[in-house]
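# Observations on the three-dimensional arrangement
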Amino acid sequence: MTDETRHEADRQGKNDQHEGGMDRRGFFECMAWMGTGLVWTASGGILSASRLGPASAQERPPAGNFSFVQISDTHIGFKGEANKDAIGTLQQAIARIKALQPAPAFLIHTGDISHAQKAGAFDTVTEALKDTGVSQVFYVPGENDVFADGGKEYLSRFAGGRAGWQSFDYNGVHFIGLINVLNYKAGGLGTLGHEQIEWLEKDVERLASSTPIVVFAHVPLWAVYPKWGWVTEDAGQALDYLKRFGSVTVLNGHIHQIMQKVEGNITFHTAMSTAFPQPAPGAGPPPGPLKVAAEQLRGVLGVREVKYIQGKDRLAIVDSTLA
Amino acid sequence: MIQDSATWRGSRWRMGVLAVVLSGMLGAATIAAAQGGPAMAAKSAAGSQIEIKEHKYSPATLTVPVGATVTWINHDDDVHTVTSSAQAFTSRGIDTDETFTYRFTKAGTYVYFCTLHPLMTATIVVK
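Predicted model, so just to flag it, every value in this text is computed and none were measured.

Our focus in this paragraph is the interface of chain A and chain B. Taken together, the contacts link 20 residues of chain A with 19 residues of chain B. Considered class by class, the residues forming the side of chain A that touches chain B number 10 nonpolar, seven polar and three charged.

Have a look at this one:
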């Protein structure tokens, strides 16, 4: 059974495409919505979607629209009490992804691919994700992927031995993958570092402010709960370079639960893990793996579909649990 | 250090020096171990063990004499490390119920932390 949560997908007050005197463009947009088999209804400022009839196998989104999937914190190699079968729950997440219509254009993994860089974990994940049928996967590391060797194994495998931060464009949306888990110091917090922030400044310099931006990184880029290290020390400097853009979506992992925040044009979303949950901020002594009743586990793990609709400022976030 | 480079004679000389130094070090280590033996056994039974639990090292500060061995044991459901912030030593990932042991041969104050959870910090004072 799917337990889907939906979030507001559009700016307040601009939900309704059918404003008085609908113009030609608005009409076609409306038809485009109908063509995908989705009906969007606005209620109390929150958009929700429901499918019209059975989805066809070859459903294609109108040109320009696309979706991708965020998967996070797979922690392959974890064998603790909180989940003795992290591979099994990963495979359930993959089944969820396979069932998405239309198929996502690509996947983004926001890190902690492995648990503590366990031998074979990277292989297991990259191989398993091929089962989604989605050919392209973009990765950023979590601290579990880099802690043992300063990131050598991860960077040589996933970044061609380069620094690891990256950007790419898809259908006019600019994606930026950042790394905030290297150079941990005693008592320290996640950082982006000077070099990466300067790279980011140059990377977005040339972009028009109307370009939708998606940033993905492991540790949250806003101060969820600094006491537990759920923050990136120098994220503010990076976000300064993104403030001018009309739509910025930040996707993070690390905390194994969904939280979100809106700051002007920037929306932040943390994601569920596919391996185990963690306590809510301040709710448990340590921010470690949280054991829940066996029948509840799949309800607190999941994946996220993110949809870009041409002309809409905010991306639509659809989270699905495994049960 | 001899600055001689590629001549055969020069390398032979350096290997000779190296051999002498190595055997000297081995000798010293053997002596130290012999001296430490019985005294160390009593100490490690008493309090050279640190428990890692709930993302904390307990005790947070431990004072030991030079030559003491400290053992960390992980009782968390998560992997941790014991990593000196001055890079004097580091464990690999310590899994649940696994241990890491280090012998402190030099006096000093050693701040260490977990590279997975860097807010976990603690100190060993060796004197």
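Residues and elements named next belong to chain B. Note on placement: Val64 falls in strand E3 (residues 61–64). Here Val64 falls in the partly exposed class, since 18 other C-beta atoms lie within 10 Å of it. With 40 residues separating them along the chain, Val64 and Phe104 place their C-alpha atoms 8.5 Å apart. Leaving out residues up to four positions away in the same chain, Val64 has contacts with Ser48, Val70, Phe104, Ile124 and Val126.

Right, let's get into the nonpolar core. Core analysis: the biggest nonpolar cluster contains 87 residues, and Leu178, Val215 and Ala217 of chain A have the highest contact counts within it. Not counting chain neighbours up to four residues away, the residues in contact with Val215 of chain A comprise Ile176, Leu178, Leu221, Val248 and Val250 of chain A.

With that settled, the discussion passes to the sheet that holds strand E12 (residues 266–270) of chain A. Residues and elements named next belong to chain A. In spatial order, the strands read E7-E8-E9-E10-E12-E11; together these six strands make up an open sheet with mixed pairing. Among the strands making up the open sheet, the edge pair consists of strand E7 (166–170) and strand E11 (260–263). Each adjacent strand pair in this sheet contributes to an overall mean axis angle of 15°, direction not counted. Relative to strand E8 (residues 173–177), E7 is paired through five bridges, and the arrangement is antiparallel. Counterpart to Ser167 in the pairing with E8 is Ile176.

Another point: the confidence of the model for chain B. All names here are of chain B. Residue-level pLDDT values for chain B average 78, and 63% of them are 70 or greater. Ranking the elements of chain B by mean pLDDT puts helix H1 (residues 8–46) last, at 47, and strand E7 (residues 108–113) first, at 98. Confidence over residues 1–7 falls short of pLDDT 50; this stretch has five contacts with residues more than four positions distant or in other chains. Under a pLDDT of 50 for its full length, residues 27–46 has, in the predicted model, eight contacts with residues more than four places off or in other chains. Here the predicted complex scores 0.77 on pTM and 0.77 on ipTM.

Where strands meet in a sheet, backbone hydrogen bonds hold them as pairs that are either parallel or antiparallel. All names here are of chain B. Reading across from one edge, E2-E1-E4-E6 is the order of the four strands in this open sheet, with mixed pairing throughout. What marks the edges here is a single partner per strand, and that holds for strand E2 (56–58) and strand E6 (99–103). With direction set aside, neighbouring strand axes in the sheet form an average angle of 20°. Across four bridges, the pairing between strand E1 (residues 49–53) and strand E4 (residues 69–74) is parallel. When the bridges of E4 are listed, Ile52 appears paired with Asn74.

Conventions adopted
Residues numbered from 1 in each chain as written. Chains lettered and ligands numbered in written order. Predicted model: local features only at pLDDT ≥ 70, side-chain atom pairs only at ≥ 80, totals over all residues. Contact = placed C-beta atoms within 7 Å. Nonpolar A, V, L, I, M, F, W, Y, C, P; charged D, E, K, R; others polar. Helix = DSSP H or I, 4+ residues; strand = E, 2+ residues; numbered from the N terminus. Buried ≥ 20, exposed ≤ 12 C-beta atoms within 10 Å, placed from the backbone. Core = buried A, V, L, I, M, F, W, Y, C linked by C-beta atoms within 7 Å. Pairing = 2+ DSSP bridges. Axes fitted to C-alpha atoms, helices over the stretch in contact; angles between N-to-C directions. pLDDT = per-residue confidence, 0-100.

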